Amino acid sequence: MAKLDCLIVGGGVIGLSLAYELANHGATVQLIDRGSIGREASWAGAGILPPANLATAIDPLDRLRALSHQLHREWAVRLREETGIDNGYRECGGLYLARSAGEAASLHAFAQMLRELEIEIERLSPVEVAELEPALREVATGQLKAAYSLPREAQLRNPDHLRALHLACERRGVQIRADREATGFECSNGRMTAVRTDAGLLHADRYCITSGAWSQRLLKQLGIATGIMPIRGQMVMFKCETPPFRRILNEGPRYLVPRDDGRVLVGSTEEEAGFDKSTTDQGVGELVALARQLVPALRDASIENSWAGLRPGTFDGFPYIGRMPGLDNAYAAAGHHRSGLHMSPGTAVVLRQLILGDEPEIDLSLFRVGRG
Ligand SMILES: Cc1cc2nc3c(=O)[nH]c(=O)nc-3n(C[C@H](O)[C@H](O)[C@H](O)COP(=O)(O)OP(=O)(O)OC[C@H]3O[C@@H](n4cnc5c(N)ncnc54)[C@H](O)[C@@H]3O)c2cc1C
């Protein structure tokens, strides 16, 4: 059979992972991005990989998370062997904390759900929290209403992961073009025949839109409605001499992620601000205050940087993964909201299966492109 030629529009973690996976399975792949490769949401994120269990997951979203969780471990090793780049994958563990009765109730419900999935989770007393992470002694003794440990929670350093994917793709012959914007499409007889770009037409056998928060702008031109919208997330980075704690600290939707080199990421806000990627004094101020309340050692640490990224949010919380309605050879994978880094390898595998004519190992009907 002749080699299939695929064109991917969008070089974030979803597009790069798909390119890597397709190239690994013999396809010829081109990828374009209207800006630099891997500099949007995928760069801005924190890289938290919450634990999951493929053996017990039934719901397709849980299965996608669990497949991805398993693949991250394997991809980290493969990417390091192929490129020499350590993507920062570490099973550092996570602590989930609640300082109010309401948050404690949600946390207990979350813990119960994880137990049903047979995901390792342990309830901790304040004394045990302080023993595990001495940096939390102050908050543990005064304010904690509930705490759990998830020893299998992991993280990766997303900028390094993207660099590794980019290089691995190039080594596999993927043609990657930055600064090339898709502006429209040509279709005939139920097939896409070209992507219009600012530098002319690009042709392929198969096409896939992986343009993150910007995907709806492109899909709209094909008459496809999705609920993808940009959700801004702000982030703050502290720099410490040594890591002040070892585990990821989660409280409600906020978190602190310790990197090996003493940097601590604090995130993140969830805001509807259109395509505006600016940080705000209020957003940054709230994150800094939270970090310094939880970890007093950060009161003396300097703030090295702050930034914002646009998550591809969806109206129902599910990503869009699959074939585009009305077009035999065009696909989309977008709308992974807060979990795109986590769910990227699983997304790449199931979409590669679909594109290359195999039965996807996860039922994709829940992720149907065009539900709107
Ligand atoms: C602050 C923050 C924290 C996060 N933390 C985590 C986390 O801890 N764990 C996790 O799993 N996820 C996290 N996420 C979510 C995750 O980053 C996203 O879900 C994921 O990066 C989405 O990847 P993507 O490839 O779809 O989008 P993007 O990374 O945004 O990539 C889309 C690409 O498409 C390109 N593009 C757009 N339009 C066009 C066009 N017309 N032509 C060509 N190219 C185009 C863009 O330039 C961009 O490079 C976080 C996100 C943010 C913002």
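Residues numbered from 1 in each chain as written. Predicted model: local features only at pLDDT ≥ 70, side-chain atom pairs only at ≥ 80, totals over all residues. Heavy atoms only, no water.

(A) Main features of the sheet that holds strand β12 (residues 206-209). Taken together, six strands build an open sheet; the order of strands is β8-β2-β1-β12-β19-β18 and the sheet is mixed. Since the sheet does not close on itself, it has two edges, and those belong to β8 (175-177) and β18 (320-323), each with one partner. For this sheet the average axis-to-axis angle between neighbouring strands, irrespective of direction, equals 15°. Where strand β1 (residues 5-9) lies against β12, four bridges are found, and the strand directions are parallel. Considered in β12, the bridge of Ile8 is made with Cys208. (Pairing = 2+ DSSP bridges. Helix = DSSP H or I, 4+ residues; strand = E, 2+ residues; numbered from the N terminus. Axes fitted to C-alpha atoms, helices over the stretch in contact; angles between N-to-C directions.)

(B) Molecular detail of the pairing of β18. Relative to strand β19 (residues 330-334), β18 runs antiparallel, the two being bridged by four bridges. Its bridge partner being in β19, Tyr320 is matched across the sheet by Ala334. The loop that links β18 with its antiparallel partner β19 comprises six residues; one of these, Gly326, has a positive phi angle of about 85°.

(C) Broad picture of the site of the ligand. Taken together, 38 residues form the shell around the ligand, and within it Asp33, Ser42, Ile48, His337 and His342 come nearest. A distance of 2.9 Å is found between an oxygen atom of the ligand and a backbone nitrogen or oxygen belonging to Ile48. Residue contributions to the shell around the ligand reach at least three from each of two domains, namely domain 1 (5-86 + 157-228 + 316-367) and domain 2 (94-152 + 229-313). (Near = heavy atom within 4 Å. Polar contact = N/O pair within 3.5 Å; in protein donor to acceptor, adjacent residues only side chain to side chain. Domains from an automatic or database assignment.)

(D) Spatial organisation of the domain arrangement of the chain. Each assigned domain of the chain is listed with its residue range as follows: domain 1 (5-86 + 157-228 + 316-367) and domain 2 (94-152 + 229-313). For domain 1 and domain 2, the distance between their C-alpha centroids amounts to 28 Å. Contacts between the two partners involve 27 residues from domain 1, matched on the other side by 31 residues from domain 2. Approximately 2400 Å² of surface area, both sides summed, lies buried where domain 1 meets domain 2, with 58% of it carried by carbon and sulfur atoms. Looking at the side of domain 1 facing domain 2, the largest losses of area belong to Arg157, His337 and Arg338, adding up to 26% of the total buried there. Our count for the domain 1 to domain 2 interface comes out at three salt bridges. Across the pair Asp261 and Arg157 runs a salt bridge whose closest N-O atoms are separated by 3.1 Å. Our enumeration of links across domain 1 and domain 2 arrives at 14 residue pairs in polar contact (both at pLDDT 80 or more). Breaking the side of domain 1 that touches domain 2 down by element, the ones donating at least two residues are α2 (41-44) and α3 (60-83). (Contact = heavy atoms within 4.5 Å. Buried area = accessible area lost by both parts, 1.4 Å probe. Salt bridge = Lys/Arg side-chain N within 4 Å of Asp/Glu carboxyl O.)

(E) View of the side chain of His336. Following the sequence through the fold, His336 ends up in the loop between β19 and α10 (340-355). A relative accessible area of 4% means that His336 is categorised as buried. At a separation of 3.0 Å, a polar atom in the side chain of His336 contacts the side chain of Thr347. Those residues within four positions of His336 in sequence are excluded, and the remaining contacts are Ile14, Pro312, Pro319, Ile321, Met343 and Thr347. (Buried < 20%, exposed > 50% of the residue type's maximum accessible area, 1.4 Å probe, protein only.)

(F) Here's a closer look at the pattern of salt bridges. Taken as a whole, this structure holds 22 salt bridges when the rule is applied. Asp86 is the partner of Arg90 in a salt bridge, and the nearest nitrogen-oxygen pair spans 2.8 Å. Judged by relative accessible area, Asp86 falls into the partly exposed class, the value being 29%. A salt bridge links Arg232 to Glu271; its shortest N-O distance comes to 2.8 Å. Here Glu271 lies in the loop between β16 (263-267) and α9 (281-294) and Arg232 lies in strand β13 (residues 229-239), a separation of 39 residues in the sequence. Where salt bridges share partners, they join Arg73, Glu91, Glu120 and Arg152 into one cluster.

(G) Representation of the packing of aromatic side chains. Inspection of every chain in the model, using the stated rule, returns five aromatic pairs. Ring centres of Tyr96 and Phe110 lie 5.2 Å apart, and the angle between their planes is 35°; this geometry places the pair in the tilted category. With Tyr96 in strand β4 (residues 94-98) and Phe110 in helix α4 (residues 101-116), this pair connects stretches of sequence that are 14 residues apart. Overall, the relative accessible area of 12% leaves Tyr96 in the buried class. By relative accessible area, which is 26% here, Phe110 ends up partly exposed. Centre to centre, the rings of Phe318 and Phe367 are 6.4 Å apart; their planes meet at 50°, and the pair counts as tilted. Of this pair, Phe318 sits in the loop between β17 (302-313) and β18 while Phe367 sits in the segment after α10; the two residues are 49 residues apart in sequence, bridging distant segments of the chain. (Phe/Tyr/Trp six-rings, centres within 6.5 Å; stacked < 30°, edge-to-face > 60°.)

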